[in-house]
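# Commentary on secondary and tertiary structure
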There are 2 protein chains.
Amino acid sequence: MIAKTPKTPYYAVIFTTVRSEIDEGYVEMAERMLDLARSQKGFLGEESVRNELGITISYWESLDDIRLWRENSEHKIAQRLGKERWYESYKLRVAKVERDSEFGL
Amino acid sequence: MIAKTPKTPYYAVIFTTVRSEIDEGYVEMAERMLDLARSQKGFLGEESVRNELGITISYWESLDDIRLWRENSEHKIAQRLGKERWYESYKLRVAKVERDSEFGL
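Notes on the structure follow. Quantities reported herein were computed from a predicted structural model and do not represent experimental measurements.

Each value, and the rule that gives it
Residues numbered from 1 in each chain as written. Chains lettered and ligands numbered in written order. Predicted model: local features only at pLDDT ≥ 70, side-chain atom pairs only at ≥ 80, totals over all residues. Heavy atoms only, no water. Phe/Tyr/Trp six-rings, centres within 6.5 Å; stacked < 30°, edge-to-face > 60°. Helix = DSSP H or I, 4+ residues; strand = E, 2+ residues; numbered from the N terminus. Buried < 20%, exposed > 50% of the residue type's maximum accessible area, 1.4 Å probe, protein only. Lys NZ or Arg CZ within 6 Å of the ring centre and 35° of its normal. Axes fitted to C-alpha atoms, helices over the stretch in contact; angles between N-to-C directions. Parallel < 35°, antiparallel > 145°, perpendicular 65-115°, else oblique. Left-handed = near helix turned anticlockwise from the far one by under 90°. Contact = heavy atoms within 4.5 Å. Nonpolar A, V, L, I, M, F, W, Y, C, P; charged D, E, K, R; others polar. Expected span 1.5 Å × (residues − 1). Polar contact = N/O pair within 3.5 Å; in protein donor to acceptor, adjacent residues only side chain to side chain. Least-squares fit on C-alpha atoms with pLDDT ≥ 70 in both.

### Things to note about the packing of aromatic side chains
All chains considered together, the criterion is met by 18 aromatic pairs over all chains. With a centroid separation of 6.1 Å and 25° between ring planes, the pair formed by Trp-60 of chain A and Trp-69 of chain A is classed as stacked. Their ring planes at 35° and their centres at 5.4 Å tell us that Phe-103 of chain A and Tyr-90 of chain B sit as a pair that is tilted. Taken together, the residues span two chains, with Phe-103 of chain A in strand β4 (residues 87-103) and Tyr-90 of chain B in strand β4 (residues 87-103). Accessibility expressed as a relative area gives 22% for Phe-103 of chain A, which makes it partly exposed. The residue whose ring lies beneath Arg-93 of chain A is Tyr-59 of chain B, and the NZ or CZ to ring-centre distance is 4.1 Å.

### Let's talk about unusual backbone geometry
Here the amide bond leading from Thr-8 of chain A into Pro-9 of chain A is cis, since omega sits at 0°, within 30 degrees of zero. By the element assignment, Pro-9 of chain A lies in the segment before β1 (10-19).

### Quick notes on the packing of helix α1 (residues 26-38) of chain B against helix α3 (residues 73-86) of chain B
Residues and elements named next belong to chain B. Viewed as axis vectors pointing N to C, α1 and α3 meet at an angle of 150°, and their least axial separation amounts to 11 Å. Taken together, α1 and α3 sit at an angle that is classed as roughly antiparallel. Taken as a pair, α1 and α3 cross one another with a handedness that is left-handed. Residues Tyr-26, Met-29, Arg-32, Met-33 and Leu-36 of α1 lie in contact with α3, whose contacting residues are Glu-74, His-75, Ala-78, Leu-81 and Trp-86. Counted by class, the contact of α1 with α3 contains 7 nonpolar, 1 polar and 2 charged residues.

### Observations concerning helix α3 (residues 73-86) of chain A
Residue and element names in this part refer to chain A. Counted at 1.5 Å a residue, the expected span for α3 with its 14 residues is 20 Å, and the 19 Å between its end C-alpha atoms agrees. Along α3, the residues classified as buried are His-75, Ala-78, Leu-81, Gly-82 and Trp-86. Contacts from the buried residues of α3 go to β1, α1 (26-38), α2 (63-71) and β4. Between a side-chain oxygen at the N-terminus of α3 and the backbone nitrogen of Glu-74 the separation is 2.9 Å; the capping residue is Asn-72.

### Examining the relation of the copies chain B and chain A
Taken as rigid bodies, chain B and chain A are interconverted by a rotation of 180° and an axial shift of 0.0 Å, the fit giving an RMSD of 0.0 Å. Accordingly, the operation relating the two chain copies is best matched by a two-fold axis. An overlap of 100% is found between the interface residues of chain B and their copies at the interface of chain A, pointing to a shared contact surface.

Structure below.
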């Protein structure tokens, strides 16, 4: 569940979300997007947790890989539907992981 | 609940954790550390979610502010107790947020 990521540097896309009350289609789309992300070039792993707030972090080799994922045509449809239906609000942050450490892994 | 952060760049400390079965003292310490972090120089905000996995992200103005927080003496005690008691495993990543976007905020 904790993503096994390579030696730094690599990139993180931090997606913090508040869901709307519309559930229809959400779980299926979230699973489909995760499968699709996993098949993208440069995908390194992901971590995801939700209670009232949701945080999903995907890790990537490069900014170019993140750009290609953002522009993926099926992902673009999901992004549009996300705003129309499933998310009340969100913040998306793209960050360069410069250093990491771990315990018990 | 979604942190209101300033214009990029700023820094994120991503703390992804798996808890042990020891609950004693955990909630109190987590709350105390959040209060203490909020009082630190350069603290910009935080987002935190837990179910089986926990993700806590704190945002900071600079790497120097993060270093001072890491070296805070009360925080250092909490770090030690975290390894001894409350965490089975964790990964900590320090990242520079280069770009962000939002919806509905």
